[in-house]
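# Secondary and tertiary structure notes
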Amino acid sequence: MSYCPECEAVIDEEVEDLGEIVSCPECGVELEVVSVDPVEFDLAPVDEEEDKGDDEEFEYEDSEEEEEDWEDEDEEYDEDEEKEEY
């Protein structure tokens, strides 16, 4: 019997090989077998390719037009500040 390092749930799963990847039945995190006698788990390494796929979902595209609008507003703000100082 071993425990999930993330949520401390009991994991009563039979494992045979070091490096084997299992999922915690409680929190679902992927765990890597780091010892078989006694059975111990650590968080599994994150697959970089899989991680890249997740990032694509949250990409935002800024158009140059929007950036120019912000620059114009900054210039107007600076001019107003200068007038107030005098």
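Structural data are supplied above this passage.
Residues numbered from 1 in each chain as written. Predicted model: local features only at pLDDT ≥ 70, side-chain atom pairs only at ≥ 80, totals over all residues. Heavy atoms only, no water.

### Comments concerning the nonpolar core
Counting residues in each nonpolar core, the largest one holds 9 residues, listed as Cys4, Ala9, Ile11, Val15, Val22, Cys24, Leu31, Val33 and Phe41. If sequence neighbours within four positions are ignored, Leu31 has contacts with Cys4, Pro5, Ile11, Glu20, Ile21, Val22, Cys24, Phe41, Asp42, Leu43 and Ala44. (Core = buried A, V, L, I, M, F, W, Y, C linked by side-chain atoms within 4.5 Å. Buried < 20%, exposed > 50% of the residue type's maximum accessible area, 1.4 Å probe, protein only. Contact = heavy atoms within 4.5 Å.)

### Notes on the sheet that holds strand β5 (residues 39-43)
Within the open sheet, the 3 strands sit side by side as β3-β4-β5. Their pairing is antiparallel. Taken across any chain shown, the strands that pair with only one partner, and hence form the sheet edges, are β3 (21-23) and β5. For this sheet, the mean angle separating the axes of adjacent strands, direction not counted, is 45 degrees. The pairing of β3 with strand β4 (residues 30-36) spans 3 bridges and is antiparallel. (Pairing = 2+ DSSP bridges. Helix = DSSP H or I, 4+ residues; strand = E, 2+ residues; numbered from the N terminus. Axes fitted to C-alpha atoms, helices over the stretch in contact; angles between N-to-C directions.)

### Comments concerning the state of the cysteines
Across all of its chains, the model carries 0 disulfides by this definition. Looking at Cys4, it has no disulfide partner, and the nearest cysteine sulfur is the one in Cys24, 3.8 Å off. Lacking any disulfide linkage, Cys24 is separated from the closest cysteine sulfur, that of Cys7, by 3.7 Å. The buried category is assigned to Cys24, whose relative accessible area is 3%. (Disulfide = S-S within 2.5 Å.)

### Here's the deal with unusual backbone geometry
Backbone torsion omega between Asp37 and Pro38 reads 5 degrees, so that peptide bond is classified as cis. Locating Pro38 in the fold gives a position in the loop between β4 and β5. Located in the positive-phi region is Glu8, a residue other than glycine, with phi close to 65 degrees. Within the secondary structure, Glu8 is located in the loop between β1 (2-3) and β2 (10-11).

### Section: the environment of Glu40
With respect to the helices and strands, Glu40 occurs in strand β5. Given the relative accessible area of 39%, Glu40 is considered partly exposed. When the C-alpha atoms of Glu40 and Pro5 are compared, they prove to be 9.1 Å apart, with 35 residues separating the residues in sequence. Residue contacts for Glu40: discarding those within four places in its chain leaves Ser2, Glu32, Val33, Val34 and Ser35.

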